[in-house]
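Analysis of the macromolecular model
Below, each chain spelled out in residue letters.
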Amino acid sequence: MRNDEVIKSIRYILDLDDARIAEFLKLAGYQPSREEVSEIFNDNKETITKIDGTEVEKDTDHKLTAHFLDGVIFHLRGKSDKHPPQPIQTPVTNNIVLKKLRVAFKLKDTDIIDILESEGLSISKTELSAFFRDDTHRNYKNCGDQVLRNFLRGLAKRKRGE
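Residues numbered from 1 in each chain as written. Predicted model: local features only at pLDDT ≥ 70, side-chain atom pairs only at ≥ 80, totals over all residues. Heavy atoms only, no water.

1. As for the overall build of the protein
When its secondary structure is counted, the protein shows eight helices and two strands. In sequence order, the protein lays out its α and β elements as α-α-α-β-β-α-α-α-α-α. Across its three principal directions, the C-alpha atoms of the protein cover 45 × 40 × 35 Å. Taken over 162 residues, the protein has a buried fraction of 38%. In the protein, 67% of the contacts between residues at least 6 apart in sequence involve partners at least 24 apart. A gap of 7 Å separates the mean positions of the 28 positive and 28 negative side-chain charges of the protein. (Helix = DSSP H or I, 4+ residues; strand = E, 2+ residues; numbered from the N terminus. Buried < 20%, exposed > 50% of the residue type's maximum accessible area, 1.4 Å probe, protein only. Contact = heavy atoms within 4.5 Å. Lys, Arg positive; Asp, Glu negative; His and termini not counted. Charge placed at Lys NZ, Arg CZ, Asp CG, Glu CD.)

As structure tokens, this is what we get:
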């Protein structure tokens, strides 16, 4: 999933404005410019040409997205003095987004399965655990866009009471 789509979804879930997004980024040690934050939500994004000649909209930077996800965790759970800060993980994959949101919202496997089922997507506990494994593990599985999109939609409904 595109980074800007992930940030927009989290913005909706937590009902955030641009200033709060900047606060989350600062919590994670990133000093955003006003333009960086507003560019995430700009409908007229700059286009770039890929090697194969197709034109796509420029996506939000992985570094900014990683810091934002960490900022969400720090906001919802607080910073831990017991553990040193972890380095950010780039590129930000769907698996990383799912892991960070599971931590931020204190979700158990059964919660995630329930959220996905509420959106009509059935997944087993074994399939779900494959998303959280290290990417070098033999049972690792990439989290597809459909799974993450349904998870974000279900989480929004759960947190906003819809």
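2. Focus: the packing of aromatic side chains
For the structure shown, the criterion picks out one aromatic pair. Both rings, one in Phe24 and one in Phe68, keep their centres 6.1 Å apart while their planes meet at 25°; by these two values the pair is stacked. In this pair, Phe24 is assigned in helix α2 (residues 18-27) and Phe68 in helix α4 (residues 62-77), connecting sequence segments 44 residues apart. For the pair shown, Phe24 and Phe68 are each scored as buried. Of note, Lys79 hangs over the ring of Phe74, and the distance from its end group to the ring centre comes to 5.1 Å. (Phe/Tyr/Trp six-rings, centres within 6.5 Å; stacked < 30°, edge-to-face > 60°. Lys NZ or Arg CZ within 6 Å of the ring centre and 35° of its normal.)

3. Concerning helix α8 (residues 145-160)
The terminal C-alpha atoms of α8, which comprises 16 residues, lie 22 Å apart, in line with the 22 Å expected from a rise of 1.5 Å per residue. If you check which residues of α8 are buried, you get Val147, Leu148, Asn150, Phe151, Leu152, Gly154, Leu155 and Ala156. Those residues of α8 that are buried lie in contact with α1 (3-14), α5 (94-104), α6 (109-118) and α7 (125-131). (Expected span 1.5 Å × (residues − 1).)

4. Notes on the environment of Ala19
Secondary-structure assignment places Ala19 in helix α2. When the C-alpha atoms of Ala19 and Ser38 are compared, they prove to be 9.9 Å apart, with 19 residues separating the residues in sequence.

5. Focus: the packing of α6 against α8
Orientation of α6 relative to α8, taken along the N-to-C sense of each, is 95°, at an axis distance of 8 Å. Considered as vectors, α6 and α8 are oriented roughly perpendicular to each other. On α8, the residues that touch Asp111, Ile112, Asp114, Ile115, Leu116 and Ser118 of α6 are Val147, Asn150, Phe151, Gly154, Leu155 and Arg158. Residue classes in the contact of α6 with α8 are distributed as six nonpolar, three polar and three charged. (Axes fitted to C-alpha atoms, helices over the stretch in contact; angles between N-to-C directions. Parallel < 35°, antiparallel > 145°, perpendicular 65-115°, else oblique. Nonpolar A, V, L, I, M, F, W, Y, C, P; charged D, E, K, R; others polar.)

Shape is all these values report; function is a separate question.
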